[in-house]
Amino acid sequence: MTPHLPADADGATVKAADRAHVFHSWSAQALIDPLAVAGAEGSYFWDYDGRRYLDFSSQLVNTNIGHQHPKVVAAIQEQAGRLCTLAPGFAVDVRSEAARLIAERTPGDLDKVFFTNGGAEAVENAVRMARLHTGRQKVLSAYRSYHGATAAAINLTGDPRRWPSDTGSAGVVHFWGPFLYRSPFHAATEAEECERALAHLADTIAFEGPASIAAIILETVPGTAGIMVPPAGYLAGVRELCDRYGIVFILDEVMAGFGRTGRWFAAEHWGVTPDLITFAKGVNSGYVPLGGVAISAAIAETFATRPYPGGLTYSGHPLACAAAVATIRTMEEEDVVGHAAHLGRHVIGPALAEIAERHPSVGDVRGLGAFWAVELVRDRETREPLVPYNASGADNAPMSEFAAACKASGLWPFVNMNRVHVVPPCTVTEAEAKEGLALLDEALTVADRHTASA
């Protein structure tokens, strides 16, 4: 693939305008140096010098169908020529069709869809629905989680991004989810981890007061916090606890949904149906902002004759819904979900296992489909992370050096704390995946220099 460069712009001009006027998220503005991107296609993007990068981040784990898929681009163009926008109170063909296609793929009776502009708003509205449905206020959420940056979503989040905004009065209680590699329960097996994590959650519910808890929200497979695949039986156990106490069970599939784990929704791996599912990202690969909540019949019935007190000007935006319809149909036609499952079982998973054998800096490898994490450590025996929790500046130098080595080789990584996540587009070819894994293998020699065995 030869990068096609815009004729009327250059990287220096784009970067200068960015530096002058764009305020970037999650960043100290004077300390960042954003790459000026000229274009993208498939599994790659490139800068204004024509340097290509294999996108092993899927941007923010959202371009599930790859960059610039022609069928989705054409659908957006066609919709723009026909009807660009319309208020959410009208019935619109692409909005109805997007909702129908989503409902066909959700588990159980989650057949109603409330559209939002993204994942955080989906979480906000799912929590509001749960509180109104139950008449309760508390929501339980796991540490090692991320649910978004809006008011309720950031308080539900279980990583350091919550800290500057945590009011301590948002009606949120955090608990420990299962994660055997760094077990908070001193478990030795996945079965023990599951049993002890469920006992811990049951105790948390008991001491918080079951009748005060509106919802439990979990990422089906936590994403940014580490791609910790839950042990068999855990989600079913949470479902049972919710049923026992009349608590709404919310699964956040913003990152894990729409093929990322090799299923349409990750919940399918465990045969569990929640009361609400939040989604975004992969629903249309982020081509136009879109998210939403898939709603069970019981919760939908709560608002059959009682108005739901929430809405957004751009709820179910026609351009976004047209992109979703084209994305879902294309994923079906091209078996993108099956391809992601194949990549996980036969390409990414086996290659990462081999890489782990070669590199003392690799402590753990885990994942499903096109959704994997490689945990980097200083010492495999003690499992000391390669950098401290929430490290920055000099403390984060080993991970910064590793990320720089990836980029220098033409691989764009998704790096968070002491991990690199292997999350290419679900459409990445086997050859492209192997290319990226070889580049990752090479870059890990930089991380190896910081281990106890170096």
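Residues numbered from 1 in each chain as written. Predicted model: local features only at pLDDT ≥ 70, side-chain atom pairs only at ≥ 80, totals over all residues. Heavy atoms only, no water.

Caption draft 1: Region of the structure containing the packing of aromatic side chains. Applying the stated rule across the entire model yields 12 aromatic pairs. Relative to Trp-412, the ring of Tyr-53 has its centre 5.3 Å away and its plane inclined at 85 degrees; by these criteria the two rings are edge-to-face. Of this pair, Tyr-53 sits in strand E3 (residues 52-55) while Trp-412 sits in strand E14 (residues 411-412); the two residues are 359 residues apart in sequence, bridging distant segments of the chain. We classify Tyr-53 as buried; its relative accessible area is 7%. Here a set of aromatic residues connected by ring pairs shows up, and it is made of Phe-258, Trp-264, Phe-265 and Phe-279. One residue, Lys-407, lies across the ring of Trp-412, its end atom 4.4 Å from the ring centre. (Phe/Tyr/Trp six-rings, centres within 6.5 Å; stacked < 30°, edge-to-face > 60°. Helix = DSSP H or I, 4+ residues; strand = E, 2+ residues; numbered from the N terminus. Buried < 20%, exposed > 50% of the residue type's maximum accessible area, 1.4 Å probe, protein only. Lys NZ or Arg CZ within 6 Å of the ring centre and 35° of its normal.)

Caption draft 2: Highlighting the pattern of salt bridges. Applying the stated rule across the entire model yields 23 salt bridges. Linking Asp-93 and Arg-82 is a salt bridge whose minimum nitrogen-to-oxygen distance equals 3.2 Å. Separated by 11 residues along the polypeptide, Asp-93 in helix H4 (residues 93-105) and Arg-82 in helix H3 (residues 70-82) bring together distant segments of the chain. Since its relative accessible area comes to 42%, Arg-82 is described here as partly exposed. Between Arg-329 and Glu-97 there is a salt bridge, with the nearest N and O atoms lying 2.8 Å from each other. Of this pair, Arg-329 sits in helix H10 (residues 318-333) while Glu-97 sits in helix H4, and the two are 232 residues apart along the sequence. Here Arg-329 falls in the partly exposed class, since its relative accessible area comes to 42%. Taken together, the shared-partner salt bridges connect Glu-97, Arg-100, Glu-104, Arg-105, Arg-329 and Glu-332 into one network. (Salt bridge = Lys/Arg side-chain N within 4 Å of Asp/Glu carboxyl O.)

Caption draft 3: Structural view of the pairing of strand E7 (residues 213-219). A large share of E7 lies buried, amounting to seven of its seven residues. The pairing of strand E5 (residues 138-142) with E7 spans four bridges and is parallel. What sits directly across from Lys-138, in E7, is Ile-213. Alignment of E7 against strand E8 (residues 248-252), held across five bridges, turns out to be parallel. Note on E8: the bridge partner recorded for Ile-216 is Phe-249. A crossover connection joins E7 to the parallel E8 through helix H8 (residues 234-245); in handedness this β-α-β unit is right-handed. (Pairing = 2+ DSSP bridges. Right-handed = clockwise from strand over helix to strand, strands pointing away.)

Caption draft 4: Up close: the sheet that holds strand E4 (residues 112-116). Pairing in this open sheet of seven strands is mixed, and the strands run E4-E10-E9-E8-E7-E5-E6 from one edge to the other. Looking at strand neighbours, the two that pair on one side only are E4 and strand E6 (172-175), the edges of this open sheet. Averaged over all pairs of adjacent strands, the angle between their axes in this sheet comes to 20 degrees, without regard to strand direction. Where E5 meets E6, four bridges bridge the pair, whose relative direction is parallel. Its bridge partner being in E6, Val-139 is matched across the sheet by Val-172. Running over the sheet, H8 touches E6, E7 and E8 and is turned about 150 degrees from E8. (Axes fitted to C-alpha atoms, helices over the stretch in contact; angles between N-to-C directions. Contact = heavy atoms within 4.5 Å.)

Caption draft 5: How the structure looks around the side chain of Glu-219. Turning to its location among the elements, Glu-219 is positioned in strand E7. One buried charge, Glu-219, has no salt-bridge partner; the nearest side chain with opposite charge is Arg-161, at 7.8 Å. Here the side chain of Glu-219 touches Tyr-146 through a polar contact of 3.0 Å, landing on its backbone nitrogen. (Lys, Arg positive; Asp, Glu negative; His and termini not counted. Polar contact = N/O pair within 3.5 Å; in protein donor to acceptor, adjacent residues only side chain to side chain.)

Caption draft 6: Representation of the environment of Asp-252 within the structure. One can find Asp-252 in strand E8. Put simply, Asp-252 and Ile-277 are 25 residues apart on the chain and 5.8 Å apart in space, counted from C-alpha to C-alpha. Apart from the residues lying within four places of it in its own chain, the contact partners of Asp-252 are Val-123, Tyr-146, His-147, Ile-217, Leu-218, Glu-219, Thr-220 and Thr-278.

Caption draft 7: Layout of the nonpolar core. Ranked by internal contacts, the top residues of the largest apolar core, which has 61 residues, are Phe-115, Leu-201, Ile-216, Leu-218, Tyr-234 and Val-238. Here this core takes 10 residues from H10, the largest share from any one element. Of all hydrophobic cores here, the second largest spans 30 residues; its members include Leu-54, Phe-56, Val-347 and Leu-439. (Core = buried A, V, L, I, M, F, W, Y, C linked by side-chain atoms within 4.5 Å.)

Caption draft 8: Region of the structure containing the pairing of strand E9 (residues 276-279). Burial along E9 is two-sided: Leu-276 and Thr-278 facing one way and Ile-277 and Phe-279 facing the other are all buried. Bridge count between E8 and E9: three bridges; the pairing is parallel. Bridged to Leu-251 within E9 is Ile-277. The pairing of E9 with strand E10 (residues 291-295) spans four bridges and is classified as antiparallel.

Caption draft 9: Structural view of the sheet that holds E14. Spatially, E1-E2-E3-E14 is the arrangement adopted by the four strands of the open sheet, whose pairing is mixed. Since the sheet does not close on itself, it has two edges, and those belong to strand E1 (37-41) and E14, each with one partner.

Caption draft 10: Geometry of unusual backbone geometry. With a phi angle near 45 degrees, Ser-58 is a residue other than glycine that sits in the positive phi range. Examined against the element boundaries, Ser-58 turns out to sit in helix H2 (residues 58-61). With relative accessibility at 0%, the residue Ser-58 sits in the buried group. Located in the positive-phi region is Arg-383, a residue other than glycine, with phi close to 65 degrees.

Caption draft 11: A look at helix H7 (residues 190-208). In a regular helix each residue adds 1.5 Å, so 19 residues correspond to 27 Å; H7 covers 27 Å between its end C-alpha atoms and thus fits that length. Those residues of H7 not exposed but buried are Glu-193, Cys-194, Ala-197, Leu-198, Leu-201, Thr-204 and Ile-205. The buried residues of H7 occupy one face: seen down the axis, they fall within an arc of 125 degrees. Facing away from the buried side of H7, by more than 90 degrees, are the exposed residues Ala-191, Glu-195 and Phe-207. Residue Gly-209 follows H7 closely and has a positive phi angle near 95 degrees. (Expected span 1.5 Å × (residues − 1). Arc of directions from axis to C-beta.)

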